[in-house]
Amino acid sequence: ARVKHRRPKIDELFLNDGIYGALMELTQVPVDLPCRVIRDGRILEGQEQAFVVYGPTCDPTDRIPRTVSLPLGVSEGDWIEIGLLGAYGAATTTRFNGYGEIPHVNVLATLTT
């Protein structure tokens, strides 16, 4: 997901994806998935804080039910990789309020010994 907006002086982020998209599973299963911020192809590191994260739809329920711990420096345009999202990330995506059409990318990993 990509950060669309960060409210100044408030620990709130708005993403281009939310619970009507690939993040719906987070409303059903009480699990904190690993997240990391990527900026310019590099992982953003540093002190972290808890953020309230909203989706893009302007619907009041389009909010991840738990805070997400991310580096303090996260800002608009950064990518947030949500690990272990699982198959439901793609299966539960809707087209609510014009959102939900997302590109799918297949990643082939090669293990070496």
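Up top is the structure these notes are about.
All values reported here derive from a predicted model rather than from experimental measurement.

### Some words on the packing of aromatic side chains
- One pass over the full model with this rule turns up one aromatic pair.
- The interplanar angle of 15° and the centroid separation of 4.9 Å between the aromatic rings of Phe14 and Tyr54 together place this pair among those described as stacked. Placement of Phe14 in strand β2 (residues 12-15) and of Tyr54 in strand β5 (residues 48-54) is noted, with a sequence separation of 40 residues between them. Just as Phe14 is buried, Tyr54 falls in that class too.

### Re the nonpolar core
- Formed by 18 residues in total, the largest nonpolar core has its most connected members in Leu13, Leu23, Leu70 and Ile80.
- Counting only elements with at least two residues in this core, the list comes to β2, β5, β6 (68-71) and β7 (79-82).

### Section: the environment of Gly21
- By secondary structure assignment, the location of Gly21 is in the loop between β2 and β3 (35-39).
- Residue Gly21 is classed as buried on the basis of its relative accessible area of 4%.
- Taking the C-alpha atoms as reference points, Gly21 and Gly55, 34 residues apart in sequence, are found 8.5 Å from one another.

Definitions and cut-offs
Residues numbered from 1 in each chain as written. Predicted model: local features only at pLDDT ≥ 70, side-chain atom pairs only at ≥ 80, totals over all residues. Heavy atoms only, no water. Phe/Tyr/Trp six-rings, centres within 6.5 Å; stacked < 30°, edge-to-face > 60°. Helix = DSSP H or I, 4+ residues; strand = E, 2+ residues; numbered from the N terminus. Buried < 20%, exposed > 50% of the residue type's maximum accessible area, 1.4 Å probe, protein only. Core = buried A, V, L, I, M, F, W, Y, C linked by side-chain atoms within 4.5 Å.

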